[in-house]
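# Structure at a glance
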Amino acid sequence: MIYNLNGRLTVSDINYIVVECGGVGFKCFTTLNTLQSLGKVGDSVNVYTYMAVREDAMDLYGFATVVELDAFKLLITVSGVGPKAALAILTELPPDRLAICIAAGDAKAITKAQGVGKKTAERVVLELKDKMAGIADASTAQSVSDAVSVTGSSDASEAVAALVALGYSQSDAAVVVGAMDKSLSVDEMIRHGLKQLAKNL
């Protein structure tokens, strides 16, 4: 198994790269986030890889960070999510953002990924709810914790629902409300939430 490729970037296309190592060019399918972080053709790069072996093909997937690779490997464990869908999800939602969406139960945000429908997005949330937080960094882990805390409070859940009705995403609303003092009334949570979300725009 190829763990990583360290070489020269010779091709950078919309959904794949070619990394030349020792005179051999390795084609890796990848996400937009990795493409943007690698630099330009001719630069030295390091990508972490996953090889998918099927009867009719062997495909290599490359990522700029181990965190993104780990998120990819988790996504493809979900029923109905293949490598192509996993790349689409990670192009739309970087790992830290994906962790927050899953913690908040925000399947709608996941459906923004190309080719990912409502049922698939709901399966991602359901099957990865307890796994995705493990790949979050320290700052994201707090946001994930805040989003999860909302589910234990009916007032907080009501405030999140109100903010979603006003046009904010469920994940953003859950993180903001989750960080609040749970003794606040629903109206106060909504009011503070609107102020905080307006600042984040």
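For the structure, check the block above.
As a starting point, this report considers the structure included with it. Please read these numbers as outputs of a predicted model, since none were measured by experiment.

## Details of the overall build of the chain
When helices and strands are counted, the chain shows 10 helices and 5 strands. Across the 201 residues of the chain, 42% fall into the buried class. Within the chain, residue pairs in contact and separated by at least 24 positions form 55% of the contacts whose partners lie at least 6 positions apart. Surface summary for the chain: the accessible area is close to 10400 Å², and the carbon and sulfur share equals 52%.

## What about the pattern of salt bridges?
Using the criterion set out here, one finds 5 salt bridges in the structure. The salt bridge partner of Arg-8 is Glu-20, with a shortest N-O separation of 3.5 Å. Remark: Glu-20 occurs in strand β2 (residues 16-21) and Arg-8 occurs in strand β1 (residues 4-12); sequence separation between them is 12 residues. Residue classification places Arg-8 among the partly exposed residues on the basis of a relative accessible area of 37%. On the accessibility criterion, Glu-20 (30% relative accessible area) is partly exposed. The salt bridge involving Asp-56 is made with Arg-54; its shortest N-O contact spans 3.4 Å. You can call Asp-56 exposed: its relative accessible area is 64%. Owing to a relative accessible area of 44%, Arg-54 belongs among the partly exposed residues under this scheme.

About the criteria used
- Residues numbered from 1 in each chain as written.
- Predicted model: local features only at pLDDT ≥ 70, side-chain atom pairs only at ≥ 80, totals over all residues.
- Heavy atoms only, no water.
- Helix = DSSP H or I, 4+ residues; strand = E, 2+ residues; numbered from the N terminus.
- Buried < 20%, exposed > 50% of the residue type's maximum accessible area, 1.4 Å probe, protein only.
- Contact = heavy atoms within 4.5 Å.
- Areas by Shrake-Rupley, 256 points an atom, 1.4 Å probe, with all protein chains shown as cover.
- Salt bridge = Lys/Arg side-chain N within 4 Å of Asp/Glu carboxyl O.

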